[in-house]
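Each chain is listed here by its residues.
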Amino acid sequence: MNWYSLGISKVFELLDSGPKGLSSAAAEERLVKTGLNQLQEGKKKNIAGILLAQFKDVMILILFAAAIISGFIGDLTDTIVILIIVVLNGIIGFIQEYRAEKAMLALKKMSVADAKVFRDGKIHWLPSTQLVPGDVVLLEAGNAVPADIRISESQSLKIEEAALTGESNAVDKTASELNNEDLPISDRKNLVFKGTYVTYGRGRGIVIATGMQTELGRIAKMLQGEEVLTPLQHRMAEFGKKLSLLVLFLCIVFFISGWLRGEDLIKMALTSISLAVAAIPEALPAVITISLALAAKRMIRFNCLIRKLPAVETLGSVTYICTDKTGTLTKNKMYVEQVFVNGNLYQTNDLKPLVHNENISLLLHAFALNNDVIADGNNFKGDPTEIALQETAAAENILPDSWPRLSEIAFDSGRKLMTTFHPYKGKVISFTKGAPDILLQKCKEVDLRALDKQVDDMASKGLRVLGFAYRIWDELPAKTESESNENELQFLGLTGMIDPPREEVFASIAECKTAGIVPVMITGDHPLTAETIARRIGILSNHNDLIITGSELAALDNETFLEKIEKIKVYARVSPEQKLQIVKALQQKGHFVAMTGDGVNDAPSLKRANIGIAMGITGTDVSKEAAHMILLDDNFSTIVKAVREGRRIYDNILKFIRYLMTTNSGELWTLLLGPLMGLPIALLPIHILWMNLVSDGLPAITLSFEKAEKNIMNRPPRSPQESVFANGRGFHMIWVGIFMAGIALAAQSFAIKNGLHWQTIVFNLLCISQMAHLLAIRSQNQSLFTIGIFSNKPLLGAVLLTLILQFVVTYTPALHPIFKTQSLTFYEFLGVGAASSLVFFGVEIEKAISRKRISKKMNNAL
């Protein structure tokens, strides 16, 4: 129901209440029907459910099956090692997800307060949870609004609604009915909403909605929606399914072919398990999780806190950043930007040399004296607009106690004026401030047409314009509170105020555009203000860029909206549902969306976005809990650093996918092709597991320390649909894997013919080949000698550690029975090292060809 369009008597009638509220009996009866005035949680995941969800991945289930089969046929070593890897990965995922389930708790905490309520005709303080529709509530400065309320009386009542609507100014509230239909929340001037705060004045009203029926409750319902998968989760899910099916097929073919050849069935079962373990990169989920955790830890250094690990890599896919205006792009603080006085327009900074001019001095005194700001040390408390005026005066050493206040006519939303009286040169001066259209009518000897044009010019720049005037009295009027004292005024000047952009935002928006990311402003503020800020910072830079309001958006059907959405750069006066609609529509168009915000109204879209970014300082608990990432310094430019880091870490994830899949395919081809060539099975299950543990895990993790590729922020975002096998990665995995297997099988054949330790030679050759491959793929296109051998010391350390461990397993007699190895001669080990280096040089040649191709493309483009 549109309560704002009804007269207060009609509201009382519909809610079966009156100016003195409800009786206790009636309230109790209603409480049974409506429930407590609090936010309810959606269906929560229990601890067991979160833990079990970590083990639903197809690759993990195949590994579980391999571990069970291995245990049944007596090889407990393999079983234990596989289970340790799987369980560790599950525990890491569980901890991350469990910590992320708190958004509803924060909303509930935010909404608990006491309220001053009429019950049985008397005023009582009651817990806000006990409120029901029909209760009459008293509101005073400093109160949290306990429910959605229709105002019945307002004495200069102002409400801070920034967290709910994005409006940076405190909103004047009135008791009058509003005739317009379908008003956005920010324009419902006779309603106040649960979760907002009274900043000034007092009032009373009747409760129209409680709990989940409030605007805050509707947001809570939206928060219960499902989250979307990250690009990496999409890719790894698809990759896991395809790989698992391929592995099952190969294992079955391998087992049947061995059985038909008359091989021992237990041996073939064990070798099939080895094949599954060799093909499935069981370390990959753990390596990705650990790498993301390391990146998240590193991002704290530049004030970026990651709440949900996959968000790190999602940053690399982001194509749109939908940002709230207030407190995100702007300072969330009003400043006087322009002053019109003596017929001239000045920037505030230009006033300093002119303060001795009589009119300018009087205007600055009006700033300082005509307000209700309270000094708190070096800071001011009160209405944001009045604080801006006070600070402008204070900058010129004009303080509020310079001329004491003798009397006042308090601000009233009907008059839209405020007047104060002060002693002045043995007489009395009154200062009046307020809406220019009303104030100018009260002034004498003014050019109304010229001043109206000046007001329109300033307002068209998105400035909030206030007018100032004064009057000299011989003595204080007898009835100072009379509105007739606000006539016959001398016009002083106009001020244009705005919540200005943060200084660092200009460069950040430019960097976003260079990186191929489209910044979009979504705000509850006025369209003119939004347009002004957007043009200043570069969000609106093209004549095709569109601005749309919430009411215009509501009038569009979904098809028309989808046609226009990529041209719309500014959304103004939008509701929380519309923010969510915008994010969903962009996702429907194939975009990956980052949404920044700090208010309760941002929480549903933060949760739905591919990556939700909350503000750490000004952000509400609700927005922080719903977000994937928090900017600890509220600095928009931190997003650009985070995008850079996201691109770097995703590049490195692709490197270790390429590394793990290539080395695993090398092991796979060696096992598959050997018997077809008449050679014995080259590796035992323990060899495979050792290589997958020692040469896969730690070395792959150290790839995450690799520095960013050149020009990482000058390329467009990677396509969210891009496969992990795209851009030659799949071809690389196949040819290098076959190349590794070819070298290993050639060495096996040579060793068998010459009576050498063939199985230990193949085991060492594959392990050291993997280290050679690791060094070669540190950069996508640059040579190892260009980027520097020592530029990633952790990786170098991991390679050395792997070689030392391999040496220990090969040459320690006590370990020979466990690992089925034999000590190699000096020449055997030398041959292994030389053969392994072929992989390194092969990949370096591939990169040299790639560099030449890229150079040729660039030359052709020029």
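Residues numbered from 1 in each chain as written. Predicted model: local features only at pLDDT ≥ 70, side-chain atom pairs only at ≥ 80, totals over all residues. Heavy atoms only, no water.

Each helix and strand in the protein was counted, giving 31 helices and 24 strands. Seen through its principal axes, the protein has C-alpha atoms that stretch 120 × 70 × 50 Å. Expressed as a percentage of the 862 residues in the protein, the buried residues total 56%. For the protein, the accessible surface area stands at approximately 36600 Å², while carbon and sulfur atoms represent 59% of it. Distance between charge centres in the protein, computed from 89 positive and 86 negative side chains, equals 6 Å. (Helix = DSSP H or I, 4+ residues; strand = E, 2+ residues; numbered from the N terminus. Buried < 20%, exposed > 50% of the residue type's maximum accessible area, 1.4 Å probe, protein only. Areas by Shrake-Rupley, 256 points an atom, 1.4 Å probe, with all protein chains shown as cover. Lys, Arg positive; Asp, Glu negative; His and termini not counted. Charge placed at Lys NZ, Arg CZ, Asp CG, Glu CD.)

Ordered by their spatial adjacency, eight strands build an open sheet running β8-β24-β23-β22-β9-β19-β21-β20, and the pairing between neighbours is mixed. In the strand order of this sheet, the two ends are held by β8 (304–306) and β20 (546–549), each with one partner. With strand direction ignored, the average angle separating the axes of adjacent strands in the sheet is 20 degrees. Examined bridge by bridge, strand β9 (residues 320–323) and strand β19 (residues 518–522) share four bridges and lie parallel to one another. For threonine 323, the partnering residue across the bridge sits in β19 and is methionine 521. Running at roughly 140 degrees to strand β21 (residues 568–572), helix α18 (residues 527–537) makes contact with β19, β20 and β21 of the sheet. (Pairing = 2+ DSSP bridges. Axes fitted to C-alpha atoms, helices over the stretch in contact; angles between N-to-C directions. Contact = heavy atoms within 4.5 Å.)

On to a nonpolar patch on the surface, then. Side chains of Leu245, Leu248, Ile252, Ile256, Trp259, Leu260 and Leu265 sit close together on the surface and give an oily, nonpolar patch of about 740 Å² of accessible area. By secondary structure assignment, the location of leucine 248 is in helix α9 (residues 231–260). Residue leucine 248 is classed as partly exposed on the basis of its relative accessible area, which comes to 42%. (Patch = residues over 30% accessible without salt bridge, like charges linked within 9 Å, V, L, I, M, F, W, Y side chains within 5 Å. Salt bridge = Lys/Arg side-chain N within 4 Å of Asp/Glu carboxyl O.)

With that settled, the discussion passes to the side chain of aspartate 148. Mapping aspartate 148 onto the fold places it in strand β4 (residues 148–160). One buried charged side chain, aspartate 148, makes no salt bridge at all; its nearest oppositely charged neighbour is arginine 218, positioned 6.7 Å away. Residues within four places of aspartate 148 in sequence aside, it is in contact with Val192, Phe193, Lys194, Ile206, Val207, Ile208, Ala209, Thr214 and Glu215.

Attention shifts here to the packing of helix α24 (residues 636–676) against helix α25 (residues 685–702). The N-to-C vectors of α24 and α25 enclose an angle of 165 degrees; their axes lie 10 Å apart at closest approach. As summarised for this structure, α24 and α25 are arranged roughly antiparallel, according to the angle between their axes. Once α24 is placed against α25, the crossing between them reads as right-handed. Across the interface between the two elements, Phe656, Tyr659, Leu660, Thr663, Asn664, Glu667 and Leu671 from α24 touch Ile688, Met691, Asn692, Ser695, Asp696, Pro699 and Ala700 from α25. Within the contact of α24 with α25, the residues separate by chemical class into eight nonpolar, four polar and two charged. (Parallel < 35°, antiparallel > 145°, perpendicular 65-115°, else oblique. Left-handed = near helix turned anticlockwise from the far one by under 90°. Nonpolar A, V, L, I, M, F, W, Y, C, P; charged D, E, K, R; others polar.)

So, on to the confidence of the model for the protein. The share of residues in the protein with pLDDT of 70 or more is 90%, and the mean pLDDT across the chain is 85. Within the model, pLDDT remains below 50 along residues 100–111, and this stretch shows 35 contacts once partners closer than five positions in the same chain are excluded. (pLDDT = per-residue confidence, 0-100.)

Counting 126 residues, the largest nonpolar core has Met629 and Leu683 as its most contacted members. In terms of residue count, the dominant contributor to this core is α24 (17 residues). Not counting chain neighbours up to four residues away, the residues in contact with methionine 629 comprise Cys304, Leu305, Ile306, Arg307, Leu315, Ile611, Gly612, Ile613, Ala614 and Ala642. Formed by 28 residues, the second largest nonpolar core is a distinct cluster that contains Val336, Leu369, Ala393 and Phe431. (Core = buried A, V, L, I, M, F, W, Y, C linked by side-chain atoms within 4.5 Å.)

This paragraph deals with the pattern of salt bridges. Overall, the coordinates contain 31 salt bridges when judged by the stated rule. A salt bridge links lysine 433 to glutamate 386; the nearest nitrogen and oxygen atoms lie 2.9 Å apart. One end of the pair, lysine 433, is in strand β16 (residues 427–434); the other, glutamate 386, is in helix α14 (residues 384–395), with 47 residues separating them in the sequence. The class for glutamate 386 is buried, based on a relative accessible area of 7%. Salt-bridge contacts for aspartate 474 lead to lysine 427; the nearest nitrogen and oxygen are separated by 3.7 Å. With aspartate 474 in the loop between β17 (464–473) and β18 (490–498) and lysine 427 in strand β16, this residue pair connects regions lying 47 residues apart in the sequence. Given a relative accessible area of 64%, aspartate 474 falls into the exposed group. Connected through shared salt-bridge partners, Lys158, Asp172 and Asp383 make up one network.

Here we take up α14. Here α14 spans 16 Å end to end across twelve residues, near enough to the 16 Å set by a 1.5 Å rise per residue. Among all positions of α14, only Thr385, Glu386, Ile387, Ala388, Leu389, Gln390, Thr392 and Ala393 are buried. At the N-terminal boundary of α14, the capping side chain belongs to aspartate 383, with an oxygen 3.0 Å from the backbone nitrogen of threonine 385. Directly beyond the C-terminal end of α14, a positive phi value near 60 degrees is found at asparagine 397. (Expected span 1.5 Å × (residues − 1). Polar contact = N/O pair within 3.5 Å; in protein donor to acceptor, adjacent residues only side chain to side chain.)

The strand order across the open sheet built from seven strands is β11-β10-β18-β17-β16-β15-β14, with neighbouring strands paired in antiparallel fashion. Taken across any chain shown, the strands that pair with only one partner, and hence form the sheet edges, are β11 (344–347) and β14 (407–412). The sheet shows a mean angle of 20 degrees between the axes of neighbouring strands, direction not considered.

What follows covers the packing of aromatic side chains. By the definition in use, this model includes 13 aromatic pairs. Look at tryptophan 735 and phenylalanine 739: their rings are 6.0 Å apart centre to centre, the planes differ by 35 degrees, and that puts the pair in the tilted class. One end of the pair is tryptophan 735 and the other is phenylalanine 739, both in helix α26 (residues 729–753) and four residues apart, which spans about a single turn. Among the aromatic residues, those joined into a ring-pair cluster are Trp403, Tyr424 and Phe431. (Phe/Tyr/Trp six-rings, centres within 6.5 Å; stacked < 30°, edge-to-face > 60°.)

A separate point is the pairing of strand β15 (residues 417–424). For β15, the buried fraction is high: seven of the eight residues fall into the buried class. Pairing of β14 with β15, which is carried by four bridges, proceeds in the antiparallel orientation. Bridging from a neighbouring strand, glutamate 408 pairs with threonine 420 of β15. Taken together, β14 and the strand that follows it, β15, pair antiparallel across an intervening segment of four residues, in which lysine 416 is found at a positive phi of about 60 degrees. Relative to β16, β15 runs antiparallel, the two sharing eight bridges. The partner of methionine 418 across the bridge, within β16, is lysine 433. In this antiparallel pair of consecutive strands, β15 and β16, the connection spans two residues, and lysine 425 shows a positive phi of 50 degrees.

Turning next to the side chain of histidine 732. Structurally, histidine 732 is set in helix α26. Residue histidine 732 is classed as buried on the basis of its relative accessible area, which comes to 0%. A polar side-chain atom of histidine 732 sits 2.9 Å from a polar atom in the side chain of histidine 773. With residues up to four places along the chain from it excluded, the contact list for histidine 732 reads Arg658, Thr662, Gly737, His773, Ile777, Val843 and Glu846.

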